Amino acid sequence: MARLLTSGDIRTLSRGLGITPTKKWGQNFVVDANTVRRIAAAAKLDADDVVMEVGPGLGSLTLALIEIARKVIAVEIDPKLALALPTTVAHRAPDEHRRLTVVETDAARVDPAQLPEAPTALVANLPYNVAVPVVLHALETFPSLRKGLVMVQAEVGDRLTAQPGSKIYGGPSVKMAWYAKAKRAGSVSANVFWPVPNVASALVAFERIESPDANRAEVFAAVDAAFGQRRKMLRQSLKSWAGEDVDAVLERSGIEPTRRGESLDISEFIALADAKEALGGTSRI
Ligand SMILES: C[S@@+](CC[C@H](N)C(=O)[O-])C[C@H]1O[C@@H](n2cnc3c(N)ncnc32)[C@H](O)[C@@H]1O
């Protein structure tokens, strides 16, 4: 049984390792064992899961994950933290520490050749600025990922799970919907972190779905154009994507040119991409 880290342990560890949490990498460590257990439970892991944990930090979550999963592949950008993690885990989870592999790299760029095995689940407590790129990159790069649980700033959680028509619906919502069914899985108080951040966090759970049979790059380019100018009507905002074909693309897809991106669901973005392809259009920018 692993010994989870207490608030005192986190401070002692970081002092011993000469680590001052840095904002650059969003380093707010979880210091509350109940929260750690809640996250591990919400991830719904099985004993044969291979978990990719992004940003293990000092190992708060890693210790809980390693008790459950067959393997934990921890992807950490900070060289000091990556170096220290195996020792922490060996001390606190002597029976399970061989299940851990640490990969020191940027999770927004990690590729399958860097990992010892294909991950089946993603678990991460992610900094604000990299949360969306890391989750989308993981889903695109590792088709083996079936499910995930990420802790993100509450607003990012809302964006990832928003539905058409809501104020916060945007590119991340549509792109997430391409890969997975995502839902909010609870909130997390700022007080369970050290240092205490000035924002609340949320848990987002997702399960992969079969991605649509469409040209992903083209669909995402339409999404980027529509939300790049979200207040503009589609006949204007989609010009940067469809060029002079914009009216024909809208007509062929059956979408009113006066609508805005925030009202379109993913099937309508797919209809736009299909229409552009059918008209033989590639971006003329
Ligand atoms: C919010 S802390 C979470 C730490 C730990 N999982 C916990 O819950 O206490 C974020 C962690 O992600 C790491 N990190 C930040 N950006 C990263 C990136 N692009 N790739 C991999 N790790 C990153 C940070 O160094 C830090 O360890």
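The structure displayed is predicted, hence computed values, not measured ones.

Definitions and cut-offs
- Residues numbered from 1 in each chain as written.
- Predicted model: local features only at pLDDT ≥ 70, side-chain atom pairs only at ≥ 80, totals over all residues.
- Heavy atoms only, no water.
- Helix = DSSP H or I, 4+ residues; strand = E, 2+ residues; numbered from the N terminus.
- Rg over C-alpha atoms; globule rule 2.2 N^0.38 Å.
- Buried < 20%, exposed > 50% of the residue type's maximum accessible area, 1.4 Å probe, protein only.
- Contact = heavy atoms within 4.5 Å.
- Areas by Shrake-Rupley, 256 points an atom, 1.4 Å probe, with all protein chains shown as cover.
- Lys, Arg positive; Asp, Glu negative; His and termini not counted.
- Charge placed at Lys NZ, Arg CZ, Asp CG, Glu CD.
- Pairing = 2+ DSSP bridges.
- Axes fitted to C-alpha atoms, helices over the stretch in contact; angles between N-to-C directions.
- Salt bridge = Lys/Arg side-chain N within 4 Å of Asp/Glu carboxyl O.
- Parallel < 35°, antiparallel > 145°, perpendicular 65-115°, else oblique.
- Left-handed = near helix turned anticlockwise from the far one by under 90°.
- Nonpolar A, V, L, I, M, F, W, Y, C, P; charged D, E, K, R; others polar.
- Near = heavy atom within 4 Å.
- Polar contact = N/O pair within 3.5 Å; in protein donor to acceptor, adjacent residues only side chain to side chain.
- 1 Å grid on protein atoms, 1.4 Å probe; cavity = no way out; pocket = protein on both sides within 12 Å on 5 of 7 lines; lining within 4 Å.
- Sits in = over half its atoms within 2 Å of the grid points.
- Domains from an automatic or database assignment.
- Buried area = accessible area lost by both parts, 1.4 Å probe.

Student: How should I be thinking about the overall build of the protein in this particular structure?
Tutor: Looking only at helices and strands, the protein has twelve helices and nine strands in total. Expected size for 285 residues packed as a compact globule is a radius of gyration near 19 Å; at 21 Å, the protein falls within 12% of this value. By its C-alpha atoms, the protein is 65 × 35 × 30 Å across when sized along the principal axes. When burial is assessed residue by residue, the protein has 49% of its 285 residues classed as buried. Within the protein, contacts between residues separated by at least 24 positions form 70% of all contacts whose residues are at least 6 apart in sequence. Approximately 13100 Å² of the protein is accessible, and the part contributed by carbon and sulfur atoms is 50%. Distance between charge centres in the protein, computed from 35 positive and 33 negative side chains, equals 6 Å.

Student: What should I look at first to understand the sheet that holds strand β4 (residues 100–104) in this one?
Tutor: A sheet is described by the order of its strands in space; here seven strands give the open sequence β4-β3-β2-β5-β6-β9-β7, paired in mixed fashion. Two strands bound the open sheet, and with one partner strand each, they are β4 and β7 (180–188). Sheet twist, expressed as the average angle between the axes of neighbouring strands with direction ignored, equals 20°. Sheet analysis places β7 next to strand β9 (residues 201–208), joined by seven bridges and oriented antiparallel. Paired with lysine 181 across the strands is glutamate 207, a residue of β9.

Student: Just to check I follow, could you spell out the pattern of salt bridges for this structure?
Tutor: Opposite charge on two side chains permits pairing when their charged atoms draw close. This model, assessed by the stated rule, comprises twelve salt bridges. Between lysine 147 and aspartate 49 there is a salt bridge, with its nearest N and O atoms 2.7 Å apart. Taken as a pair, lysine 147 in strand β6 (residues 147–153) and aspartate 49 in the loop between α2 (33–42) and β2 (50–54) lie far apart in primary sequence, 98 residues in all. By relative accessible area, which is 14% here, lysine 147 ends up buried. Where glutamate 262 meets arginine 230, a salt bridge forms, and the shortest distance between an N and an O atom there is 3.2 Å. Of this pair, glutamate 262 sits in the loop between α11 (246–253) and α12 (266–278) while arginine 230 sits in the loop between α8 (216–228) and α9 (234–237); the two residues are 32 residues apart in sequence, bridging distant segments of the chain. Taking the relative accessible area as the measure of exposure, glutamate 262 reaches 28% and is therefore partly exposed. Among the charged side chains, a network of salt bridges with common partners joins Asp46, Asp49 and Lys147.

Student: Looking at this model, I keep getting lost on the packing of α11 against α12. Mind explaining?
Tutor: For any two helices packed against each other, one specifies the inter-axial angle together with the distance between the axes. Axis separation between α11 and α12 bottoms out at 8 Å; the angle between their running directions is 120°. Looking at the two axes, α11 sits oblique to α12. Every pair of crossing elements has a handedness; the one defined by α11 and α12 is right-handed. For the pair formed by α11 and α12, the contact residues are Val249, Leu250, Arg252 and Ser253 on the first element and Ala271, Leu272, Ala275, Lys276 and Ala278 on the second. Across the contact of α11 with α12, the residue classes break down as six nonpolar, one polar and two charged.

Student: Help me understand the site of the ligand, please; the structure alone is not making it clear to me.
Tutor: Of all residues adjacent to the ligand, which total 21 residues, the nearest are Val30, Gly55, Glu76, Asp106 and Asn125. One of the backbone N or O atoms of glycine 55 is found 2.7 Å from a nitrogen atom in the ligand. At a separation of 3.5 Å, a nitrogen atom of the ligand approaches a polar backbone atom of proline 56. When the free accessible area of the ligand is taken as 590 Å², the share hidden by the protein chains comes to 98%. Using a 2 Å cut-off from the grid points, one finds that the ligand occupies the largest pocket.

Student: Help me out: how do you make sense of the domain arrangement of the protein in this one?
Tutor: Size of an interface: often given as the accessible area lost when the parts come together. Parsing the protein into structural domains produces domain 1 (7–208) and domain 2 (216–281). Summarising the inter-unit geometry, the C-alpha centres of domain 1 and domain 2 are found 34 Å apart. Listed per partner, the contact involves 13 residues of domain 1 and 15 residues of domain 2. Of the roughly 1100 Å² buried where domain 1 meets domain 2, counting both sides, 69% is carbon and sulfur surface. Per-residue buried area on domain 1 facing domain 2 is highest for Tyr169, Lys175 and Trp178; these three make up 49% of the total on that side. For the pair domain 1 and domain 2, the number of links is two salt bridges.

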